[in-house]
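# Results of the structural survey
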Amino acid sequence: MTVTLRRATADDLLAVGALHQRSRVAAYSSFLPAGSLAEPTPDAMGRYWAERWGWERDDHLMTVAERDGDLLGFSYVGPDDEGDPSTGLLNAIHLEPAERGRGVGRELMIDALATMRHRGWRQGALWVLAQNSPARRFYERGGWTPTATERIDLIGSAPVTQLRYVRPL
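Below or above, wherever it landed, is the structure these notes cover. (Residues numbered from 1 in each chain as written. Predicted model: local features only at pLDDT ≥ 70, side-chain atom pairs only at ≥ 80, totals over all residues. Heavy atoms only, no water.)

Taking strand neighbours across the sheet as the criterion, the seven strands line up as 1-2-3-4-5-7-6 in an open arrangement whose pairing is mixed. Of all strands in the sheet, those bounded by a partner on one side alone are strand 1 (4-7) and strand 6 (145-155). Direction aside, neighbouring strands of the sheet carry axes that sit 25° apart on average. Inspection of the sheet shows strand 5 (residues 123-129) paired to strand 7 (residues 158-168) by seven bridges, in the antiparallel sense. (Pairing = 2+ DSSP bridges. Helix = DSSP H or I, 4+ residues; strand = E, 2+ residues; numbered from the N terminus. Axes fitted to C-alpha atoms, helices over the stretch in contact; angles between N-to-C directions.)

Pasting the structure below:
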């Protein structure tokens, strides 16, 4: 069955939040404690996306992937978080856990790259958790390369190192 990509609407955001939470738990549970992944709840993550989208929808774009009306994943792109006007930021690609390795992430990435090019950015950037080896391999296969830039963030109460990746568009 065919995967369809479309631009998200406000009606998608609660489901996107729930999917985002499931994706995080599946992707990070091998290296983060369960307590750090228990929050936010799927409902709280949906409210987070509704609020964030309300602030950012003028310069960010969310794309959802569906099959037969079922949400499979999403991507979110916008301007660079370090202020470079020639760079777009791939803020997120998240998938239903059962969709990993089935090509949906690749379709979302191809679409995100095209969106960034269409918006006039010459380079793409993203942040990925240093310990998330499958995601790092996925991005590296897609032409992304790590830079020397790192940052520390929190997931729950657990500190995590994020690595910045870039690629030409």
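Turning our eyes to something else, we now look at helix 4 (residues 104-118). Turn by turn, an α-helix covers 3.6 residues, leaving residues three or four places apart pointing in a common direction. Its 15 residues give helix 4 an end-to-end C-alpha distance of 21 Å, which sits within 8% of 21 Å, the value for a rise of 1.5 Å per residue. Residues Val 104, Gly 105, Leu 108, Met 109, Asp 111, Ala 112, Leu 113, Thr 115 and Met 116 constitute the buried set of helix 4. Looking one or two residues past helix 4, Gly 120 carries a phi angle of roughly 95°, positive in sign. (Expected span 1.5 Å × (residues − 1). Buried < 20%, exposed > 50% of the residue type's maximum accessible area, 1.4 Å probe, protein only.)

Our next topic: the side chain of Arg 24. With respect to the element layout, Arg 24 can be found in helix 1 (residues 13-28). No salt bridge is formed by the buried Arg 24; the nearest opposite charge belongs to Asp 153, separated by 7.9 Å. Beyond its immediate stretch of four places on either side in the chain, Arg 24 contacts Ser 29, Leu 37, Glu 39, Pro 40, Met 45, His 94 and Ile 155. (Lys, Arg positive; Asp, Glu negative; His and termini not counted. Salt bridge = Lys/Arg side-chain N within 4 Å of Asp/Glu carboxyl O. Contact = heavy atoms within 4.5 Å.)

So, about the side chain of Arg 52. Relative to the helices and strands, Arg 52 resides in helix 3 (residues 42-56). Exposure remark for Arg 52: the relative accessible area of 15% places this residue in the buried category. Dropping the residues within four chain positions of it, Arg 52 is found in contact with Tyr 76 and Asn 91.

Next up on the list: the pairing of strand 2 (residues 61-67). Counting buried residues along strand 2, seven of its seven residues qualify, which places the element largely inside the surrounding structure. Side chains of strand 2 alternate between two faces, with Leu 61, Thr 63, Ala 65 and Arg 67 and Met 62, Val 64 and Glu 66 buried alike. Where strand 1 lies against strand 2, four bridges are found, and the strand directions are antiparallel. Bridge assignment links Leu 5 to a residue of strand 2, and that residue is Ala 65.

Right, let's get into the nonpolar core. In globular proteins that are soluble, nonpolar side chains generally tend to be buried together. Residues Leu 90, Val 104, Met 116, Leu 126, Tyr 139 and Trp 144 are the most contacted members of the largest nonpolar core, which totals 22 residues. Those elements that place two or more of their residues in this core are strand 2, strand 3 (70-79), strand 4 (87-95), helix 4, strand 5, helix 5 (133-141) and strand 7. Counting residues per element, this core draws most heavily on helix 4, at six residues. Dropping the residues within four chain positions of it, Leu 90 is found in contact with Ser 75, Tyr 76, Val 77, Ala 112, Met 116, Ala 125, Leu 126, Tyr 139 and Trp 144. (Core = buried A, V, L, I, M, F, W, Y, C linked by side-chain atoms within 4.5 Å.)

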